[in-house]
Amino acid sequence: MGGQESKIATGGSLQGAIAPSISVIREENLPSLNKPTTFKVTVPSSVVKPSDGSVTMRCNVNGTSKIIKIPEGLRQGDTFRFTESKPEIEKIFTSTLPSIPGMEIIQSKQIVWGSVSYSFYGGSFDQQAMGNMVGKLMGDAQTKVMEQVIAQRCNACLAMAFNVTNDSSGERGKQKLVIVTAHGTPCVVVPTTTVRAVAAVTATAPALY
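What you see is a predicted model; the values in this text were computed from it and never measured.

A. A look at the overall build of the chain. Assigned secondary structure in the chain consists of two helices and 10 strands. When the elements of the chain are put in sequence order from the N terminus, they spell out β-β-β-β-β-β-β-β-α-β-β-α. Here the chain holds 209 residues, and 31% of them are scored as buried. When the accessible area of the chain is evaluated, it comes to approximately 13000 Å², of which 53% is carbon and sulfur surface.

B. Just the nonpolar core, in detail. Counting 22 residues, the largest nonpolar core has Leu137, Val145, Val149, Cys157 and Val178 as the members making the most contacts within it. Secondary structure elements with two or more residues in this core: β8 (112-121), α1 (127-151), β9 (156-169) and β10 (175-191). Examining the composition of this core, we find that eight residues originate from one element, α1, more than from any other.

C. Spatial organisation of the pairing of strand β3 (residues 56-61). Here β3 shows a buried face lined by Met57, Cys59 and Val61 and an unburied face lined by Thr56, Arg58 and Asn60. One ladder, built from six bridges, connects β3 with strand β4 (residues 64-69); its direction is antiparallel. Of the residues in β4, the one forming a bridge with Cys59 is Lys66.

D. Fine view of the side chain of Thr192. Relative to the elements of secondary structure, Thr192 occurs in helix α2 (residues 192-202). You can call Thr192 buried: its relative accessible area is 18%. Here Thr192 is in contact with Gly102, Met103 and Glu104, once residues within four sequence places are set aside.

E. Spotlight on the packing of aromatic side chains. This structure, assessed with the given rule, holds two aromatic pairs. Ring centres 5.4 Å apart and planes at 25° place the aromatic pair Tyr118 and Phe120 in the stacked group.

F. Focus on the pattern of salt bridges. Scanning all chains against the criterion turns up eight salt bridges. The partner of Glu84 in a salt bridge is Lys66, and the shortest N-O contact between them spans 3.1 Å. Here Glu84 is found in strand β5 (residues 79-86), whereas its partner Lys66 is found in strand β4, with 18 residues between them in sequence. Taking the shortest distance from any N to any O, the salt bridge between Lys144 and Glu147 comes out at 3.1 Å. In this pair, Lys144 and Glu147 both sit in helix α1, three residues apart, roughly one turn of the helix. On the accessibility criterion, Glu147 (22% relative accessible area) is partly exposed. By sharing partners, the salt bridges in this structure join Lys7, Lys136 and Asp140 into a single network.

G. How the structure looks around the side chain of Gln107. In this fold, Gln107 is placed in strand β7 (residues 103-108). A polar contact is formed between the side chain of Gln107 and the backbone oxygen of Ala19, at a distance of 3.2 Å. Aside from chain neighbours lying at most four places away, what touches Gln107 is Ile18, Ala19, Pro20, Ser21, Pro186, Cys187 and Val188.

H. Structural view of the confidence of the model for the chain. Looking at the chain, pLDDT values average 85 and 85% of them are 70 or higher. When pLDDT is averaged over each element of the chain, strand β6 (residues 93-94) comes out on top at 96 and α2 at the bottom at 58. In this model residues 199-205 is a low-confidence stretch, pLDDT under 50, and it forms zero contacts with partners more than four residues away in sequence or in other chains.

Parameters at a glance
Residues numbered from 1 in each chain as written. Predicted model: local features only at pLDDT ≥ 70, side-chain atom pairs only at ≥ 80, totals over all residues. Heavy atoms only, no water. Helix = DSSP H or I, 4+ residues; strand = E, 2+ residues; numbered from the N terminus. Buried < 20%, exposed > 50% of the residue type's maximum accessible area, 1.4 Å probe, protein only. Areas by Shrake-Rupley, 256 points an atom, 1.4 Å probe, with all protein chains shown as cover. Core = buried A, V, L, I, M, F, W, Y, C linked by side-chain atoms within 4.5 Å. Pairing = 2+ DSSP bridges. Contact = heavy atoms within 4.5 Å. Phe/Tyr/Trp six-rings, centres within 6.5 Å; stacked < 30°, edge-to-face > 60°. Salt bridge = Lys/Arg side-chain N within 4 Å of Asp/Glu carboxyl O. Polar contact = N/O pair within 3.5 Å; in protein donor to acceptor, adjacent residues only side chain to side chain. pLDDT = per-residue confidence, 0-100.

Right under this line is the structure:
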């Protein structure tokens, strides 16, 4: 059992009522859950013979290792393109604060959460490495939260909080389990000046006479 590691990440939302938006933001201005991105890759030198369409290769996409199929007829040195879809989490505002300076909240949604559980054998990490790993697990939990934020058609997650728990089991407690959970409130935010402009356009003045 020594050296075994496993990681599971998940996320969701809690039930609750949704207040109507005080303003309107165009759908195309909100982050996409499946933004397509095209990549260009080169067939590695290990593929000497032309691919029959079932040959695979490993490549790094946005920091994640991916296994993709090499199109039929291609060999070492040839290039091809493939498309990968991913959430636009880089467009999500995240903060432990209840608001963002310079931004106005025009709508909030149900609380969302993300959780990552990581089990490992105690002897496989020293304290410094484990500290770095907890930081990465917090990032993984935050990513699951942001995916839920996009699914609820929001562009921010406010009042975020994190919780880290750990447990030991097995012989001499060497089997470790770390669980990191994050939660927050999805919101739609816009620059404060935008809200003021909308308010000015929709305001009515009473008759003087």
